[in-house]
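Overview (structure and organization)
Here's the letter readout for the chains.
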Amino acid sequence: MLHAVKVVGIGGSSRPGSTAELGLRVVLAEAARLGAEVSLVGGADLVMPLYDPRAASCPPPARRLLDEVASADGVVLASPAYHGTVSGLLKNALDHTEELRDDARPYLSGRAVGCLSVGMGWQGAVTTLAALRDIVHALRGWTTPLGVAVNSATAGFGPDGQCDDPHIQRQLTAMAGQVVEFAEARRAHQALRAEAVATR
């Protein structure tokens with residue numbers, strides 16, 4: 001019997017309870033409802049030194065991030081729009097994944113990655129979403145067909161954690177489903193391939 005797939009959410013801002021973090025929590029909650037094991041590396045967890053490839057050791061926050069990514073079957077990235085692109089906080093965290101270059105699954109290889117952006121207006125939200133998807137491709141991840149851009153001028157999250165825009169709420173849960181479905185399909189495929197190899 002296969003174990004539950006693991007989905008890791010990464011992002012938010014340094015402000016606790018940011019709109020990006022709340023959106024990320026919606027996606028993770030739906031992934032958990034679908035049977036995934038989930039974890040969150042939120043804004044405060046991403047405060048770490050700038051990535052330096054010459055550094056002799058990995059700072060503890062970066063080590064935790066790398067361990068979470070290395071063990072993940074799926075990833076969800078969330079960023080506020082900072083001047084039309086990804087926040088420095090998230091970009092620096094993703095730069096640290098260079099330390100996974102020699103892993104069996106380097107960077108984001110073999111993982112479905114959902115992308116969520118939040119901006120005070122559509123322009124920043126959309127350009128940030130596009131930037132996130134470009135970064136995922138550069139890190140060899142598989143972006144889900146659906147990415148979600150949230151215009152925080154017209155949509156927010158209530159006390160129950162749900163988005164007050166039903167359309168965006170449906171998009172967030174649909175994206176979670178795509179991450180989990182891809183992760184489960186890949187896990188099943190790997191199991192079948194290993195079984196075929198073992199019986200040759």
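Residues numbered from 1 in each chain as written. Predicted model: local features only at pLDDT ≥ 70, side-chain atom pairs only at ≥ 80, totals over all residues. Heavy atoms only, no water.

Quick look at empty space enclosed by the protein now. Over the atoms, a rolling probe the size of a water molecule traces out where space has been left empty. Inspection of every chain in the model, using the stated rule, returns one cavity of 30 Å³ or more. Of the voids in this model, the largest cavity is the one considered here, and its volume is about 30 Å³. Asp73, Gly110, Ala183, Arg186, Arg187 and Gln190 are the residues that line the largest cavity. A class-by-class count of the residues in the lining of the largest cavity yields one nonpolar, two polar and three charged. (1 Å grid on protein atoms, 1.4 Å probe; cavity = no way out; pocket = protein on both sides within 12 Å on 5 of 7 lines; lining within 4 Å. Points joined across faces, edges and corners; volume = space filled by probe spheres on them. Nonpolar A, V, L, I, M, F, W, Y, C, P; charged D, E, K, R; others polar.)

All right, on to the side chain of Asn92 then. Here Asn92 shows up in helix H3 (residues 88-95). Discounting residues that sit within four places of it in the chain, Asn92 has contacts with Met48, Pro49, Leu50 and Tyr51. (Helix = DSSP H or I, 4+ residues; strand = E, 2+ residues; numbered from the N terminus. Contact = heavy atoms within 4.5 Å.)

This next bit is on the environment of Leu34. Along the chain, Leu34 falls in the loop between helix H1 (19-33) and strand S2 (37-41). Classification of Leu34 as partly exposed rests on a relative accessible area of 34%. When the C-alpha atoms of Leu34 and Ala131 are compared, they prove to be 28 Å apart, with 97 residues separating the residues in sequence. Excluding residues that lie within four positions of it along the chain, Leu34 makes contacts with Ala176, Gly177, Val180 and Glu184. (Buried < 20%, exposed > 50% of the residue type's maximum accessible area, 1.4 Å probe, protein only.)

So, on to the nonpolar core. In this structure, Ile10 and Leu77 are the most contacted members of the largest nonpolar core, which totals 29 residues. Mapped onto this core, the elements with two or more residues apiece are strand S1 (6-11), helix H2 (60-70), strand S3 (74-82), H3, strand S5 (112-119) and helix H4 (122-138). Considering every element that reaches this core, the biggest residue donor is H4, with six residues. When sequence neighbours within four positions are dropped, the list of residues in contact with Leu77 reads Ile10, Leu94, Val113, Gly114, Cys115, Leu116, Leu132 and Val136. Counting residues in hydrophobic clusters, the runner-up holds 27 residues, among them Val5, Val76, Ala112 and Phe157. (Core = buried A, V, L, I, M, F, W, Y, C linked by side-chain atoms within 4.5 Å.)

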